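The residues making up each chain are set out below.
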Amino acid sequence: MFDLIINPFITILTLLYSIFGNNIVIAIAVFTIIIRLATSPLMIKQQDSAKNMQEIQPKIKKLQEKYKNDREKLSQAQMALYKEHGVNPLGGCLPLFVQLPVMLGLYQAIILALAGT
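Residues numbered from 1 in each chain as written. Predicted model: local features only at pLDDT ≥ 70, side-chain atom pairs only at ≥ 80, totals over all residues. Heavy atoms only, no water.

Participant: I tried to follow the overall build of the protein on my own but got confused; where do I start?
Facilitator: Each helix and strand counted, the protein has 5 helices and 0 strands in total. Relative to a compact globule of 117 residues, whose C-alpha radius of gyration would be 13 Å, the protein shows 21 Å and is clearly more extended. Once the C-alpha set of the protein is aligned to its principal axes, its extents read approximately 65 × 25 × 15 Å. Partitioning the contacts of the protein with sequence separation of at least 6, the portion at a separation of at least 24 is 65%. Surface accessibility of the protein: about 8200 Å² in total, with carbon and sulfur atoms responsible for 63%. Averaging the locations of the 11 positively and 7 negatively charged side chains of the protein gives two centres separated by 5 Å. (Helix = DSSP H or I, 4+ residues; strand = E, 2+ residues; numbered from the N terminus. Rg over C-alpha atoms; globule rule 2.2 N^0.38 Å. Contact = heavy atoms within 4.5 Å. Areas by Shrake-Rupley, 256 points an atom, 1.4 Å probe, with all protein chains shown as cover. Lys, Arg positive; Asp, Glu negative; His and termini not counted. Charge placed at Lys NZ, Arg CZ, Asp CG, Glu CD.)

Here's what the structure looks like:
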């Protein structure tokens, strides 16, 4: 599965290596910046979601105190609170699952490119 990510990354890294006069350090730095820029919309969405969850955290604490003995009503009240504020409880995790294979592929591509040089 990672071959679909690693092979293009190695190709791009090799291209950058030849462009920057066979300097692997600059090629890795530029390639890492390119990947971070490409994944920045996901990071921004993840940070916004985390900020929104922090803003409603005091309300969630109040709900937990109010419904401490009734788990079903607590979960219903929490879901209503999430809908009211337009917050997705999984919004902070899902972009991370998209970024993870890309970052692992970047790491493997760098390791393989260094082994080749």
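Participant: Just checking my understanding: could you explain the nonpolar core for this structure?
Facilitator: Soluble globular proteins tend to pack their nonpolar side chains together in the buried interior. Ranked by size, the top nonpolar core spans 13 residues in total, and within it F9, L13, I28, F31, I35, L106 and I110 carry the most contacts. Contributing elements (two or more residues each) for this core: α1 (3-19), α2 (24-55) and α5 (94-116). With sequence-adjacent residues up to four places away left out, I35 is seen in contact with F9, V102, M103 and L106. In this structure, I56, I60, L74 and Y82 belong to the second largest nonpolar core, which totals 9 residues. (Core = buried A, V, L, I, M, F, W, Y, C linked by side-chain atoms within 4.5 Å. Buried < 20%, exposed > 50% of the residue type's maximum accessible area, 1.4 Å probe, protein only.)

Participant: Can you walk me through the packing of aromatic side chains in this structure?
Facilitator: Note on aromatic pairs: each is described by the distance of the centres and the angle between the planes. Per the counting criterion, the structure on display carries 1 aromatic pair. Centre to centre, the rings of F9 and F31 are 5.3 Å apart; their planes meet at 80°, and the pair counts as edge-to-face. Residue F9 is located in helix α1, and its partner F31 is located in helix α2; the two are separated by 22 residues in the primary sequence. By the burial criterion, F9 is buried, and F31 matches it. (Phe/Tyr/Trp six-rings, centres within 6.5 Å; stacked < 30°, edge-to-face > 60°.)

Participant: I keep staring at α2 and nothing clicks. Help me out?
Facilitator: Three- or four-residue spacings in an α-helix give side chains the same orientation, since the helix completes a turn every 3.6 residues. The end-to-end C-alpha separation of α2 is 44 Å, in line with the 46 Å expected for 32 residues at 1.5 Å each. At S40, α2 shows its largest bend, some 50°, and a proline, P41, comes one to four positions later. All buried positions along α2 are accounted for by I24, A27, I28, F31, I35, T39, M43, S49 and M53. With a side-chain oxygen positioned 3.2 Å from the backbone nitrogen of V25, the residue opening α2 is N23. (Expected span 1.5 Å × (residues − 1). Bend = angle between axes of the 7 residues up to and from the residue. Polar contact = N/O pair within 3.5 Å; in protein donor to acceptor, adjacent residues only side chain to side chain.)

Participant: Looking at this model, I keep getting lost on unusual backbone geometry. Mind explaining?
Facilitator: Negative phi characterises most residues that are not glycine, and trans characterises most peptide bonds. In this model, N22 sits at a positive phi of 60°, which is unusual for a non-glycine residue. By the secondary structure assignment, N22 is in the loop between α1 and α2. Residue N22 is classed as exposed on the basis of its relative accessible area of 52%.

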